[in-house]
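Architecture at a glance
What follows is each chain in one-letter form.
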Amino acid sequence: MSFDFSVIIFFLVVAFFGFLIVFLFSLSKQKTRLEKSLGYVLYEILLPRREEEKDEKKTFKDYISVMEQFLAGMKGIKEGGFFNWLYGVKPYFVLELALANVGEETTFYAAVPANKARFFEKQFQGIFPDGQIEIKYEDYNIFNPEGESRASWMALEKNPIFPLKTYQKLESDPLEIIATAFSKLKKSGEGAAFQIILSPDESGFLNKIKNSIEKLKKGEKLEKSGIEAIGKGAS
């Protein structure tokens, strides 16, 4: 039995070029994502202090509800297109509460894609007409070059289909806990940042949850309702 070495060589060449294409595409994908992540505009956010007499009837829930409107409007940063789908580029914006490693003033920031900067400004000014935003060309620094750094992240303990306690059911402003922790840091040499990254739903995540809830109402078991798949999609 004889081998046709020309066929073997052909498949080796095809496999080599196939691997090369995948490798180059992977590098291009990483480069594109990095370039996208660097193409952001940083805003410092200044909100007016509440006037006690004027706002005495308002609770922190009333102010949070305004923020809910703002977040709903920011879904407009969503971008389609074959290129974004191919490279797995998902638009997102960032909200930050930060205390620089030198100073004692906690500041709110927002970072948005450069091509959505004007959109963000319109959304902010429409929801918070008395607020001010200012572009910061130099980022703040929470790190101490002679100290140590630590980071952590939060994730849902259970599947996201299960109910969460929303602000309507909270008895106190949760942001006060974070602000209090920041206030205990040293004026020089210690810094911290609390960062929330938000991206519009582009995978039908909400519809998957609604469909699973309908299946549960019909008496289907958790394993058959698609909940496990939803949990993987949310991670």
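Residues numbered from 1 in each chain as written. Predicted model: local features only at pLDDT ≥ 70, side-chain atom pairs only at ≥ 80, totals over all residues. Heavy atoms only, no water.

**Concerning the pattern of salt bridges**
The final tally for this structure, using the stated rule, is 3 salt bridges. With its nearest N and O atoms 3.3 Å apart, the salt bridge here joins Lys136 to Glu44. Within this pair, whereas Lys136 is found in the loop between strand E4 (132-135) and helix H6 (175-183), its partner Glu44 is found in strand E1 (residues 40-46), the two being separated by 92 residues in sequence. For Lys136, a relative accessible area of 29% puts it in the partly exposed group. With a closest N to O distance of 2.9 Å, Arg118 and Glu121 form a salt bridge. Note that Arg118 and Glu121 are positioned in helix H5 (residues 117-127) at a spacing of 3 residues, about one turn of the helix. The exposure class of Arg118 is partly exposed, given its relative accessible area of 48%. (Salt bridge = Lys/Arg side-chain N within 4 Å of Asp/Glu carboxyl O. Helix = DSSP H or I, 4+ residues; strand = E, 2+ residues; numbered from the N terminus. Buried < 20%, exposed > 50% of the residue type's maximum accessible area, 1.4 Å probe, protein only.)

**Some remarks on the packing of helix H3 (residues 60-73) against H5**
For any two helices packed against each other, one specifies the inter-axial angle together with the distance between the axes. For the pair H3 and H5, interaxial distance at closest approach is 10 Å and the crossing angle is 155°. Comparing the axis directions of H3 and H5 gives the class roughly antiparallel. The chirality of how H3 crosses H5 is right-handed. Between H3, through Val66, Gln69, Phe70 and Gly73, and H5, the contact on the second element is made entirely by Phe119, Phe120, Gln123, Phe124 and Ile127. Grouping the constituent residues of the contact of H3 with H5 by class yields 6 nonpolar, 3 polar and no charged. (Axes fitted to C-alpha atoms, helices over the stretch in contact; angles between N-to-C directions. Parallel < 35°, antiparallel > 145°, perpendicular 65-115°, else oblique. Left-handed = near helix turned anticlockwise from the far one by under 90°. Contact = heavy atoms within 4.5 Å. Nonpolar A, V, L, I, M, F, W, Y, C, P; charged D, E, K, R; others polar.)

**With respect to the nonpolar core**
Of all hydrophobic cores here, the largest spans 14 residues; its most connected members are Tyr43, Phe70, Met74, Phe93, Val112, Phe120 and Phe124. Listing elements by their share of this core, those giving two or more residues are E1, strand E2 (93-99), strand E3 (107-113) and H5. When neighbours within four sequence positions are excluded, Met74 is seen to be in contact with Phe93, Val112, Phe119, Phe120 and Gln123. Core analysis: the second largest hydrophobic core is formed by 7 residues, Leu42, Val94, Ala111 and Ile142 among them. (Core = buried A, V, L, I, M, F, W, Y, C linked by side-chain atoms within 4.5 Å.)

**What about the environment of Ile142?**
Inspection of the secondary structure puts Ile142 in the loop between E4 and H6. On a C-alpha basis, the gap between Ile142 and Leu99 in space is 6.5 Å, while along the polypeptide they are 43 residues apart. Once residues within four sequence positions are removed from consideration, Ile142 is found in contact with Leu99, Ala100, Asn101, Gly191, Ala192 and Ala193.

Nothing here speaks to function; it is all geometry.
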